[in-house]
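# Summary of the model geometry
Take a look at the letters that make up each chain.
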Amino acid sequence: MSKNILVVDDEKDIRDLLEITLKNEGYTVFKAICGEDALDILDKEEIHLIVLDIMMPGMDGLQVCRLVREKHNIPILMLSAKVEDMDKIQGIMTGADDYVCKPFNNLELTVRIRALLRRAYFLNTKMDISDDIIRIESMSIDKKKHNVTIDNNELDLTATEFEILYLLATNRGRVFSAEEIFQRVWKEKYFQSNNTVMVHMSRLRDKIEEYMKGNKIIHTVWGVGYKIEK
């Protein structure tokens, strides 16, 4: 089944370039010139991934990302001409799954999109699915349904956040470095200055601890990495 990708960018050349690139990869492409158009398309069409520019007039990409996250868990890849780390962190903290700087390499972009789609829609079908549910205190992780609940409250996790939590939960007691988490979840080479894991981990912890009354499930081993206790 072809996946539907929504491209949101106020620059026509970028929209058209992405449309050609993604159609050549077999995707169905929807285009929006602004945030309002993007939200309207989301209400009418089944969208599997969004490529979202940050710097747009009116409603910018960060605002769009926040509004999308209120209703949808679909992967979001943000585009921006800004390259500073804080801009990347702000985009991810808003709810994006990945970030690419303009000007981007078409091959890199399509690889990142395939990785996001694989994590969100295909990874579970390749796993040995059982009815087992991982329980950690009052938290339940259901790999078949791809959801997490705490005291019957379902957490609003992105596909990336779920994969990080599932990795740690299925290897309780083991410490994973940021580099190893990145390579296992993102399936890409890790660079020393990459803050992606740290930011995702912060968001994941906030969501868990909101319902765990402050109890920590994911622990930091300073200078080494992250783990869930046995």
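Residues numbered from 1 in each chain as written. Predicted model: local features only at pLDDT ≥ 70, side-chain atom pairs only at ≥ 80, totals over all residues. Heavy atoms only, no water.

## A short note on the sheet that holds strand S6 (residues 133–136)
Spatial ordering of the open sheet is given by S6-S7-S8-S9, a layout of 4 strands whose pairing is antiparallel. The open sheet is flanked by S6 and strand S9 (153–154), the only strands paired with a single partner. Where helix H6 (residues 159–169) meets the sheet, it contacts S6, strand S7 (139–142) and strand S8 (147–150), and its direction lies at approximately 105° from that of S7. (Pairing = 2+ DSSP bridges. Helix = DSSP H or I, 4+ residues; strand = E, 2+ residues; numbered from the N terminus. Contact = heavy atoms within 4.5 Å. Axes fitted to C-alpha atoms, helices over the stretch in contact; angles between N-to-C directions.)

## Some remarks on the sheet that holds strand S2 (residues 28–32)
As summarised here, the arrangement of the 5 strands in space is S2-S1-S3-S4-S5, forming an open sheet in which the pairing is parallel. Both edges of this open sheet fall to S2 and strand S5 (98–101), since each of them pairs with a single strand only. Across the sheet, the axes of successive neighbouring strands diverge by a mean angle of 20°, strand direction being ignored. In the sheet, strand S4 (residues 76–80) pairs with S5 via 4 bridges, with the strands oriented parallel. Following the sheet pairing, Ser80 is matched in S5 by Cys101. Helix-sheet contacts for helix H2 (residues 35–44) involve strand S1 (4–8), S2 and strand S3 (49–53), and the interaxial angle to S2 is about 140°.

## Considerations on the UniProt feature "modified residue: 4-aspartylphosphate" (unreviewed entry) in the protein chain
In the numbering adopted here, UniProt assigns the feature "modified residue: 4-aspartylphosphate" (unreviewed entry) to Asp53. Tracing the chain through its elements places Asp53 in strand S3. If sequence neighbours within four positions are ignored, Asp53 has contacts with Val8, Asp9, Asp10, Gly61, Leu79, Ser80 and Lys102. (UniProt positions renumbered as here; feature names shortened; annotations may be inferred.)

## A look at the domain arrangement of the protein chain
Each domain of the protein chain was delimited in the assignment, giving domain 1 (2–121) and domain 2 (131–226). In this structure, domain 1 and domain 2 have C-alpha centres spaced 24 Å apart. Contact with domain 1, which involves 17 residues of that partner, is made by 19 residues of domain 2. At the boundary of domain 1 with domain 2, total buried surface from both sides reaches about 1,500 Å², with 47% on carbon and sulfur atoms. Looking at the side of domain 1 facing domain 2, the largest losses of area belong to Asn73, Ile92 and Arg119, adding up to 40% of the total buried there. Here domain 1 is connected to domain 2 by 0 salt bridges. Mapped onto the side of domain 1 that touches domain 2, the elements with two or more residues apiece are helix H4 (85–94) and helix H5 (106–122). Each residue belonging to the side of domain 1 that touches domain 2 can be placed in one class, and the counts come to 7 nonpolar, 3 polar and 7 charged. (Domains from an automatic or database assignment. Buried area = accessible area lost by both parts, 1.4 Å probe. Salt bridge = Lys/Arg side-chain N within 4 Å of Asp/Glu carboxyl O. Nonpolar A, V, L, I, M, F, W, Y, C, P; charged D, E, K, R; others polar.)

## Regarding the nonpolar core
In summary, soluble globular proteins display a tendency toward joint burial of nonpolar side chains. Membership of the largest hydrophobic core comes to 30 residues, with the highest contact counts inside it found for Met139, Ile141, Leu165, Ile181, Ile208 and Ile218. Every element with two or more residues in this core is listed here: S6, S7, S8, H6, helix H7 (178–185), helix H8 (196–211) and strand S11 (225–228). In terms of residue count, H6 provides more of this core than any other element does, 7 residues in total. When near neighbours in sequence (up to four residues on either side) are disregarded, Leu165 contacts Met139, Ile141, Val148, Leu157, Leu204, Ile208, Ile218 and Ile228. Counting 21 residues, the second-largest nonpolar core is a separate cluster that includes Val8, Leu42, Ile54 and Ala96. (Core = buried A, V, L, I, M, F, W, Y, C linked by side-chain atoms within 4.5 Å. Buried < 20%, exposed > 50% of the residue type's maximum accessible area, 1.4 Å probe, protein only.)

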